[in-house]
Every structure is written in structure tokens, then in C-alpha cells.
Protein chains: 2
Amino acid sequence: MKLTTKGRYAVTAMLDLAIHYGEGPITLADIAQRQGISLSYLEQLFSRLRKQALVSSVRGPGGGYSLGKEAREIFIGEVIAAVDENMDTTKCHGAHNCQNNERCLTHDLWSDLSDQIYTYLNNISLQDLMDRKAVREVAERQEHGEVDASVLDQVSSPAGV
Amino acid sequence: MKLTTKGRYAVTAMLDLAIHYGEGPITLADIAQRQGISLSYLEQLFSRLRKQALVSSVRGPGGGYSLGKEAREIFIGEVIAAVDENMDTTKCHGAHNCQNNERCLTHDLWSDLSDQIYTYLNNISLQDLMDRKAVREVAERQEHGEVDASVLDQVSSPAGV
DNA sequence: GAAATCTTGACTAATTTAGTTGGGAAAGTA
DNA sequence: TACTTTCCCAACTAAATTAGTCAAGATTTC
């Protein structure tokens, strides 16, 4: 298990898809603009996400990407794992015969720890993330007696938070 | 929050210190040999660990490093944070005024997630890790009709494969 | 058939990780 | 004092990963 900006990009992009669910396929160009990620880099990431069936694609005009499953069925851990590929953190690849037994112990230990984080992340779905943020957005909008959702594109108010 | 092999090296080395606690200062050369990490790289890592007071050092012959606190007071999250330094994953550095609010939302979101993982790791102490492994070791040793605890200190020498 | 969009692969640049080198400085020991 | 062992530190190199670019093609819609 690795946790880097690469995984963050993937999760962010997936969340973008989730937010715009129901609007038909979303183009990578849109996501690139909204999330400030390079289009070509997104292409690489989505190539992997697609192979894991986390997204589905439609070509041609009006095409784009959609979530491969319901937002509540897609978990953060899956998304990160999809773009991270090699997770074998141990040098001995589970052979347990590195230079001495003690060393292997720490290998096992780390992979245990890794698994736990992975399990943890696999209990948070995209829907969970959306719900969490949605609540906060609504709360903030109400507090400021704000208008409709389009305000989101202008405001960045230093209202604390 | 980042989770890479660098952090793993740091945790592994700290665990090595914890295991040999009570034997006086442990030299980096010993750790390097036992854990298969380059000595100079360990020096870099320990420089940071020392600045965070996670370890204390003694120079000269018979010198080396010891844990800066009790094993049960040192948490994995601390160790990883110490060697990882920059954890500001957001491009806007909390300014909340990137290109639009939505983008900042995902930033916040990721940092929330990051915090949760960090919190999680900050609930696991070196002692916890030791206990966990100790249990397994004992179980395995008993199953194989093996010797006593001091075995741990010998196996690190050429005896084992 | 033209435009929009995904799909693929090869390439480059920047950053981070990992390791090296070489020189100290402090402390113990003879 | 001389010598050894160890930490300490800074610059350098090498390898890997991340991030991004470029160019060609495949599908679909219009």
C-alpha cells in the first residue's frame, strides 16, 4: 500500500465523476479543467481505472467516462490500488528467507500494517465522501444565506473553516 | 500524509531499536546489517528522527542510538511524519482560492482523509507492534518446539539463511 | 466525411527516493 | 596524546517514480 499524490489525483477525479453522476458521460477535458490535472496524465490514470472496471467509457462526441459502479460501491482503497499497481513492499516477495528471520519479521509487520490501512480505506466509498462534503457545503451555504450552487465557482471566502 | 518505503525504513529501524531496548545504545551499523538498509541512508533518516526527539544518540565507542521515549509512547504516525517532512498535499496551501471552490473541496477532502489515516497510525505504538509480533513468534516457536526468547538475538548472525 | 472523444505508446522533465562519498566532531581507551 | 569508534553533516550521484508531452490511431455521432 502506497499513499501518494498519484492516488490522490485518482480519487479526486473519481469523486468528480461521482459528483456529476447522472449528467451522462464526463470528458477527461472537463475533469482536467475542474481539478487542475493535466489531461494526458488523467488519460494514463483512467486507462488503469478502466482496466479495473472502476469506470466505463464511451467514445465519440458526447462521450466520456462514467463510474463503473454506484458511488457507494466504489471504495477509496480500490481506486488507489488501481493506479498504484505494484504493492509488493517486501524485498523477499514473501519468500521469508532474506538474510535472517528477524528481517522477514519486519517485512511481515509492514505488510500487516499496510493491509490494515488498505482495509480502512476500503470501508470508505465515494458516496461517503460525497455525503460528508455535501453536508458541509449545504451548511455553509445556509449559514451565508447563499443562492444556488453556481456560487461555488466564485466563492472562496476566508470564512474560517 | 504519505506512505512510502521511506517511512517503512524508518519504522523498521525504530522497531529494531525497540526490540534491542535495554542493551544500551545500538549502532546504526548494526541496524544497517540486520535490516538491510544502507548505513548512510540510515544516517539521513536518523538525523530527522533525532530532531523530533524520537531517538537519542551517544557518540564515541560504545555509543549509538536509543529510543527517545518508551516504546509505548512512540507512534507509527510520528515516525513516518518525521522522515516525510512536507505533508502539504494541497496546491493552494489552505488558501481556499485556487481556481474554484470545487477544487478546494477536494483538497479539503483529501486532507481530511489524510488526517484520518494519520490519526489511525498515531494509535499504533512501537510497543503494539512488538507485542503483536511477539505473540506470533511465540506461537510459531511453540508449534515448532523451539527454544527461548534469546534466540532472537542470535538468529541475526550468520546462523540463519 | 468531419469532428469529438477515447485509446495507446513512446518520449521527456521534474521530483523523490536511495545510496555514496568524504569530511568532520565528540567520546572513550590505551 | 594518539587512536578508534561512533555520530554528524553536506554535497553529490543514481535509480525510480511522478507528472506531463506528443503523436498516432480507433470509435462514435452528426
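Residues numbered from 1 in each chain as written. Chains lettered and ligands numbered in written order. Predicted model: local features only at pLDDT ≥ 70, side-chain atom pairs only at ≥ 80, totals over all residues. Heavy atoms only, no water.

Peer 1: Could you give me a rundown of the packing of aromatic side chains, with the residues and numbers involved?
Peer 2: As enumerated under the stated definition, the model contains five aromatic pairs over all chains in all. Centroid distance Y120 of chain A to Y120 of chain B: 5.7 Å. Interplanar angle 15 degrees. Geometry classified as stacked. Linking Y120 of chain A in helix α5 (residues 101-121) with Y120 of chain B in helix α5 (residues 101-121), this pair reaches from one chain into another. Judged by relative accessible area, which is 24%, Y120 of chain A ranks as partly exposed. (Phe/Tyr/Trp six-rings, centres within 6.5 Å; stacked < 30°, edge-to-face > 60°. Helix = DSSP H or I, 4+ residues; strand = E, 2+ residues; numbered from the N terminus. Buried < 20%, exposed > 50% of the residue type's maximum accessible area, 1.4 Å probe, protein only.)

Peer 1: Explain the side chain of D84 of chain A to me, and be specific about the residues and the numbers.
Peer 2: With respect to the helices and strands, D84 of chain A occurs in helix α4 (residues 76-84). Residues in contact with D84 of chain A, not counting those within four places in the same chain, are K2, T4 and K6 of chain A. (Contact = heavy atoms within 4.5 Å.)

Peer 1: Talk me through the pattern of salt bridges; I want residue IDs and the actual numbers.
Peer 2: Residues and elements named next belong to chain B. Tallied over the full model, the rule gives four salt bridges over all chains. The salt bridge involving R34 is made with D16; its shortest N-O contact spans 2.9 Å. Residue R34 is located in helix α2 (residues 28-35), and its partner D16 is located in helix α1 (residues 5-19); the two are separated by 18 residues in the primary sequence. For D16, a relative accessible area of 1% corresponds to the buried category. (Salt bridge = Lys/Arg side-chain N within 4 Å of Asp/Glu carboxyl O.)

Peer 1: Please provide a residue-by-residue account of the packing of helix α1 (residues 5-19) of chain A against helix α3 (residues 39-51) of chain A, values included.
Peer 2: All names here are of chain A. Closest axis-to-axis distance for the α1/α3 pair is 11 Å, and the angle between their directions is 80 degrees. Compared by their axis directions, α1 and α3 come out roughly perpendicular. Residue-level inspection shows K6, Y9, A10, A13, M14 and L17 of α1 in contact with α3, the latter providing Y41, L42, L45, F46, R48 and L49. (Axes fitted to C-alpha atoms, helices over the stretch in contact; angles between N-to-C directions. Parallel < 35°, antiparallel > 145°, perpendicular 65-115°, else oblique.)

Peer 1: I'd like a description of the protein's contact with DNA strand C, backed by residues and values.
Peer 2: Inspection of the region around DNA strand C gives 26 residues, with S57 and Y65 of chain A together with T5, S40 and R59 of chain B positioned closest. Backbone atoms, meaning sugar plus phosphate, form 72% of the atoms of DNA strand C positioned within 4 Å of the protein. A distance of 3.5 Å separates a base oxygen of DNA strand C from a polar side-chain atom of E43 of chain A. R59 of chain B has a polar side-chain atom sitting 2.4 Å from a sugar or linking oxygen of DNA strand C. At the level of secondary structure, the elements contributing two or more residues to the surface near DNA strand C comprise α3, β1 (55-58) and β2 (64-67) of chain A together with α1 and α3 (39-51) of chain B. Here the residues of the surface near DNA strand C sort into eight nonpolar, 12 polar and six charged. (Near = heavy atom within 4 Å. Polar contact = N/O pair within 3.5 Å; in protein donor to acceptor, adjacent residues only side chain to side chain. Nonpolar A, V, L, I, M, F, W, Y, C, P; charged D, E, K, R; others polar.)

Peer 1: Tell me about unusual backbone geometry, and name the residues and values.
Peer 2: Residue and element names in this part refer to chain A. The backbone of A53 shows a phi angle near 65 degrees, a positive value even though the residue is not glycine. By the element assignment, A53 lies in the loop between α3 and β1. Exposure remark for A53: the relative accessible area of 47% places this residue in the partly exposed category.

Peer 1: An account of α2 of chain B is needed here, citing residue identities and associated values.
Peer 2: Within α2 of chain B, the full set of buried residues consists of L28, I31, A32, R34 and Q35 of chain B. Following α2 of chain B by one or two positions, G36 of chain B has its phi on the positive side, about 65 degrees.

Peer 1: Give a detailed account of the pairing of strand β2 (residues 64-67) of chain B, specifying residues and quantitative values.
Peer 2: Residue and element names in this part refer to chain B. Of the pairings in the sheet, the one linking strand β1 (residues 55-58) to β2 comprises four bridges and is antiparallel in character. Bridge pairing in β2 links V58 to G64. Hairpin connection, β1 to β2: the antiparallel pair is bridged by five residues, and G60 has positive phi, about 80 degrees. (Pairing = 2+ DSSP bridges.)

Peer 1: Describe in detail the protein's contact with DNA strand D, supporting the description with residues and values.
Peer 2: The full set close to DNA strand D counts 24 residues, and T5, S40 and R59 of chain A together with S57 and Y65 of chain B are the nearest of them. The separation between a phosphate oxygen of DNA strand D and a polar side-chain atom of Y41 of chain A is 2.8 Å. One nitrogen or oxygen atom from the side chain of Q44 of chain A is found 3.0 Å from a base oxygen belonging to DNA strand D. In terms of residue class, the surface near DNA strand D is built from seven nonpolar, 11 polar and six charged.

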